[in-house]
Amino acid sequence: MLSLAPEVEVLTRFGRALADPIRCRLLLSLREAPAHPADLAEELGISRTRLSNHLACLRDCGLVVGVPVGRRTRYELADPRLGHALDDLRTAVVAVDAGRTCPDAHEKGCC
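This section reports on the structure supplied with the text. (Residues numbered from 1 in each chain as written. Predicted model: local features only at pLDDT ≥ 70, side-chain atom pairs only at ≥ 80, totals over all residues. Heavy atoms only, no water.)

Topic: the environment of Pro37
With respect to the secondary-structure elements, Pro37 resides in helix α3 (residues 37–44). Residue classification places Pro37 among the partly exposed positions, given a relative accessible area of 26%. Residues Pro37 and Leu55 lie 18 residues apart in sequence; the distance between their C-alpha atoms is 8.7 Å. Among residues more than four places away in sequence, those in contact with Pro37 are Leu51, Leu55, Thr73 and Tyr75. (Helix = DSSP H or I, 4+ residues; strand = E, 2+ residues; numbered from the N terminus. Buried < 20%, exposed > 50% of the residue type's maximum accessible area, 1.4 Å probe, protein only. Contact = heavy atoms within 4.5 Å.)

Topic: the side chain of Asp20
Mapped onto the elements, Asp20 comes out in the loop between α1 (7–18) and α2 (21–32). Despite being buried, Asp20 has no salt bridge partner; Arg23 is the closest side chain of opposite charge, sitting 4.3 Å away. Of the polar contacts made by the side chain of Asp20, one reaches the backbone nitrogen of Ile22; its length is 2.8 Å. (Lys, Arg positive; Asp, Glu negative; His and termini not counted. Salt bridge = Lys/Arg side-chain N within 4 Å of Asp/Glu carboxyl O. Polar contact = N/O pair within 3.5 Å; in protein donor to acceptor, adjacent residues only side chain to side chain.)

Examining the pairing of strand β1 (residues 64–69)
Note on strand geometry: in a regular strand, side chains alternate between the two faces of the sheet. Looking at chain direction, β1 and strand β2 (residues 72–77) are connected through 6 bridges and run antiparallel. Bridge pairing in β2 places Gly66 opposite Tyr75. Between β1 and β2, which follow one another and run antiparallel, lie 2 residues, and Gly70 among them has a positive phi close to 65°. (Pairing = 2+ DSSP bridges.)

By themselves, these observations are geometric and do not establish any function.
In structure tokens form, the structure reads like this:
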């Protein structure tokens, strides 16, 4: 039986997924259309092994699912609402001043 994760845990998982540029590109690609790993690796210009590690992370975070198609597996976003969330995040971040960081960014390693 599936259970709902606490809100903070959900956001932490999403943040972990977005913390890596390759995973961001992977999520954006899957936002456009489901795809097979070989096609994704070629599109992103990375090895299949490296792609497999990133897909495992995204699966563990509950953001993508593998769908068996014959002998192959096609990957897609676990929920269509994730595509909308990615779009909302992209437009919200674009609206923020690019030169703006928090005062403690260098000390905290953030922003």
